[in-house]
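In case you want the letters, here they are:
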Amino acid sequence: MKLSARNVLSGTVKEVTRGAVNAHVRIDVGGSIVTASVTNEAVDELGLKVGDAAMAVIKATDVMVGKPD
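Since we're looking at a predicted model, the values are computed, not measured.

Broken down by element type, the chain carries 1 helix and 4 strands. Starting at the N terminus and walking to the C terminus, you meet the elements of the chain as β-β-β-α-β. Overall, the chain is about 35 × 35 × 25 Å in size when its C-alpha atoms are taken along their principal axes. Burial statistics for the chain: of 69 residues in total, 17% are counted as buried. Of the contacts formed within the chain by residues at least 6 apart in sequence, a portion of 43% connects residues at least 24 apart. As presented, the chain carries roughly 5,500 Å² of accessible surface, and 54% of it is formed by carbon and sulfur atoms. Side-chain charges of the chain comprise 8 positive and 8 negative groups, with the mean position of each set lying 8 Å from the other.

In terms of nonpolar packing, the biggest core is built from 8 residues, these being V13, A23, V25, I27, V29, V43, A54 and A56. Those elements that place two or more of their residues in this core are β2 (22–29) and β4 (53–58). Top contributing element to this core by residue count: β2, with 4 residues. With sequence-adjacent residues up to four places away left out, V43 is seen in contact with V16, R18, A23, V25, V38 and L48.

A word on the sheet that holds strand β1 (residues 7–18). One open sheet accounts for 4 strands, arranged β3-β2-β1-β4; its pairing is antiparallel. Whereas interior strands pair on both sides, the edge strands pair on one side only; in this sheet they are β3 (32–39) and β4. Here the strands of the sheet are splayed against their neighbours by 45 degrees on average, with no regard to which way each runs. Bridge count between β1 and β2: 6 bridges; the pairing is antiparallel. Bridged to V13 within β2 is I27.

What follows deals with a nonpolar patch on the surface. On the surface, L3, V8, M55 and V57 cluster together into a nonpolar patch covering about 320 Å² of accessible area. Judged by its relative accessible area of 48%, M55 is partly exposed.

Analysis parameters
Residues numbered from 1 in each chain as written. Predicted model: local features only at pLDDT ≥ 70, side-chain atom pairs only at ≥ 80, totals over all residues. Heavy atoms only, no water. Helix = DSSP H or I, 4+ residues; strand = E, 2+ residues; numbered from the N terminus. Buried < 20%, exposed > 50% of the residue type's maximum accessible area, 1.4 Å probe, protein only. Contact = heavy atoms within 4.5 Å. Areas by Shrake-Rupley, 256 points an atom, 1.4 Å probe, with all protein chains shown as cover. Lys, Arg positive; Asp, Glu negative; His and termini not counted. Charge placed at Lys NZ, Arg CZ, Asp CG, Glu CD. Core = buried A, V, L, I, M, F, W, Y, C linked by side-chain atoms within 4.5 Å. Pairing = 2+ DSSP bridges. Axes fitted to C-alpha atoms, helices over the stretch in contact; angles between N-to-C directions. Patch = residues over 30% accessible without salt bridge, like charges linked within 9 Å, V, L, I, M, F, W, Y side chains within 5 Å. Salt bridge = Lys/Arg side-chain N within 4 Å of Asp/Glu carboxyl O.

Spelled out as structure tokens, the structure:
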């Protein structure tokens, strides 16, 4: 699959939490957790489950920066 996104992080699915319509998928990327909000339908189509290899593809028009307290 070819994508225009340049920020692709490979990791392992640690948790899938389903809601009424959307799910939160937590992916361990080298010890850091990336959480994605996707539809339940997408989780089903991809067959995502804990322990699976997965990629977090980040494509954003804005990046927010914060400062720790």
